[in-house]
Each structure stands twice: as C-alpha cells, then as structure tokens.
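# A structural walkthrough
Each chain is listed here by its residues.
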Amino acid sequence: MSAQSNKDLQNRVYGLFSTGKEDDVLKHATADVVVEMIPFGQVHRGHGGFREFLGGFKTAFPDLRIEVTRQIADDDRVTAEFVAYGTHSGPLMTPGGPVPATGKPVTFTVCEVWDIRDGQIAGIRNYQDAASLMRQLGLA
C-alpha cells in the first residue's frame, strides 16, 4: 500500500476506536496481529489479544478519544504520535492488578508504530507515557 493509504488506515482505525467500534477495528487487522505494549512488557496476539488490548483502555476510559499530532508512513509502516483524552471511570488493568476507577480526567501522549501487510494491521508497538498517566490517577 502507499504511504498515504497507510495513514488513512490508521486515521480510520483511530476514529473507530474513539467512537467505541472495536469490532470494526478488528476488521482492519490480520488474524495473526501482534500488539506490544512496550512500557508494560505485554504482548497481545491475534484478534482475541487485540480485542483485549482495545477493551482494556475502553473499560478504564469509556470516553477515550485520540487526537493525532504527528504521523509518518512508508509503503509498509505507519507511525503516529497522538494525545489520548479520557476519564478514568472503570477499572484499569495493569501488570500489578486492576486500578479502581478514580473519576479523574487524563491526557497522555502515545506513539504507535504499525506494520501493515496487505492493507491490514499486522503489528503494533505502543509506546505510551505511562508515568504521566499514573501521576494523573494519583498512583505515582
């Protein structure tokens, strides 16, 4: 795919995620998609793992929305830096266990690198400002 097509795919998927359409997001992923959450050392595999990754954020922050601030792409990869906005109104699953809802609004920066294969997401490496998120929730 072209660099522009990959940017368009990423923007479409972020829009679907922001509006709670996780099932539609999965339609844009390969069956063997791998999602790595680098700050937490977690790896999610396949559609089930991808759903777990997406659902974890939407459970903790049901109103979570994404605003892309920078984006670059080539024919088989697309990278975005974005700001995520939401309210912590559900349990946040962490490697140390669930964090109960605090009701606090959060804003945190994320960078994602996506590998694209045949017009679908084959891999995501998610680098997020987890320290800032934890500070805003009163956990650090």
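Residues numbered from 1 in each chain as written. Predicted model: local features only at pLDDT ≥ 70, side-chain atom pairs only at ≥ 80, totals over all residues. Heavy atoms only, no water.

### Quick notes on the environment of Leu9
Put simply, the rule reads: Secondary structure elements are defined from DSSP: runs of H or I of at least 4 residues count as helices, runs of E of at least 2 residues count as strands, and each element is numbered from the N terminus. Accessibility here uses a 1.4 Å probe with only protein chains present; expressed as a share of the type maximum, an area under 20% marks a residue as buried, one over 50% as exposed, and anything in between as partly exposed. The contact rule is simple, with two residues in contact once any of their heavy atoms fall within 4.5 Å.
Here Leu9 is to be found in helix α1 (residues 3-18). Residue Leu9 is classed as buried on the basis of its relative accessible area of 1%. Not counting chain neighbours up to four residues away, the residues in contact with Leu9 comprise His28, Trp114, Ile116, Gly119, Gln120 and Ile121.

### Regarding empty space enclosed by the protein
Just so we agree on the cut-off: A 1.4 Å probe that fits but cannot get out identifies a cavity on a 1 Å grid over protein atoms alone, an open set with protein on both sides within 12 Å along at least five of seven lines counts as a pocket, and a residue lines either if it has an atom within 4 Å of a point. Grid points are joined across faces, edges and corners, and a volume is the space filled by probe spheres set on the points. Residue polarity follows a fixed list, in which Ala, Val, Leu, Ile, Met, Phe, Trp, Tyr, Cys and Pro are nonpolar, Asp, Glu, Lys and Arg are charged, and the others, Gly among them, are polar.
Under the definition given, this model contains one cavity of 30 Å³ or more. Residue lining of the largest cavity: 19 residues in total, with Phe17, Phe53, Ile66, Phe82 and Glu112 positioned closest to the centre. Elements supplying a minimum of two residues to the lining of the largest cavity: α1, α3 (46-60), β4 (77-87), β7 (105-117) and β8 (120-128). Its residues assigned to classes, the lining of the largest cavity comprises 16 nonpolar, two polar and one charged.

### Thoughts on the packing of aromatic side chains
Which entries qualify depends on this criterion: Any pair of Phe, Tyr and Trp rings, taking the six-membered ring for Trp, is counted once the centres come within 6.5 Å. Such a pair is stacked with planes under 30 degrees apart, edge-to-face with planes over 60 apart, and tilted for the rest.
The final tally for this structure, using the stated rule, is five aromatic pairs. Geometrically, the ring pair formed by Tyr14 and Trp114 is edge-to-face, given 5.3 Å between the ring centres and 70° between the ring planes. Within this pair, whereas Tyr14 is found in helix α1, its partner Trp114 is found in strand β7, the two being separated by 100 residues in sequence. You can call Tyr14 buried: its relative accessible area is 6%. Residue classification places Trp114 among the buried residues on the basis of a relative accessible area of 1%. Between the aromatic rings of Phe61 and Phe108, the centroid separation amounts to 6.3 Å while the plane-to-plane angle is 50°, which identifies the pairing as tilted.

### Quick word on α3
Since the α-helix advances by 3.6 residues per turn, residues separated by three or four positions end up pointing in the same direction. Selection rule: Expected span, for any helix, means 1.5 Å times one less than how many residues it has.
Across its 15 residues, α3 extends 22 Å between first and last C-alpha, which sits within 8% of the 21 Å expected from 1.5 Å per residue. Where α3 is concerned, the buried positions are Gly46, Gly49, Phe50, Phe53, Leu54, Phe57, Lys58 and Ala60.

### A look at the sheet that holds strand β2 (residues 42-45)
The test is simple: Whether two strands pair depends on DSSP finding at least two bridges between them. Where helices are involved, their axes are fitted lines through C-alpha atoms of the stretch in contact, as for all axes, and angles between N-to-C directions lie from 0 to 180°.
Taken in spatial order, the six strands make up an open sheet running β2-β1-β8-β7-β4-β3, and their pairing is mixed. Of all the strands in the sheet, the pair left with one neighbour each is β2 and β3 (65-73). On average, adjacent strands in this sheet sit at an angle of 20° to one another, irrespective of strand direction. Pairing of strand β1 (residues 29-37) with β8, which is carried by five bridges, proceeds in the parallel orientation. Across the sheet, residue Val34 finds its bridge partner in β8, namely Gly123. Across the face of the sheet, α1 comes into contact with β3, β4, β7 and β8 while running at roughly 170° to β3. Most of the contacts of α3 go to β1, to which it runs at about 50°, and overall it touches β1, β2, β4, β7 and β8.

### Details of the environment of Phe82
Tracing the sequence through the fold places Phe82 in strand β4. Relative accessible area serves as the criterion here: at 4%, Phe82 is assigned to the buried category. A sequence separation of 21 residues divides Phe82 from Gly103, and the C-alpha atoms of the two residues are 22 Å apart. The residues touching Phe82, leaving out its near neighbours within four places in the chain, are Tyr14, Ile66, Glu67, Val68, Thr69, Phe108, Thr109, Val110 and Glu112.

### Some details on the pattern of salt bridges
Worth spelling out the cut-off: For salt bridges, the criterion is a side-chain nitrogen of Lys or Arg within 4 Å of an Asp or Glu carboxyl oxygen.
Scanning the entire structure with this criterion turns up six salt bridges. Notably, a salt bridge pairs Asp23 with Arg51, separated by 2.7 Å at the nearest N-O pair. Of this pair, Asp23 sits in helix α2 (residues 22-26) while Arg51 sits in helix α3, and the two are 28 residues apart along the sequence. A residue is classified by how much of its surface remains accessible, and Arg51, at 41% relative accessible area, is partly exposed. Among the ionic pairs, Arg77 bridges to Asp115, the shortest N-O distance being 3.0 Å. Remark: Asp115 occurs in strand β7 and Arg77 occurs in strand β4; sequence separation between them is 38 residues.

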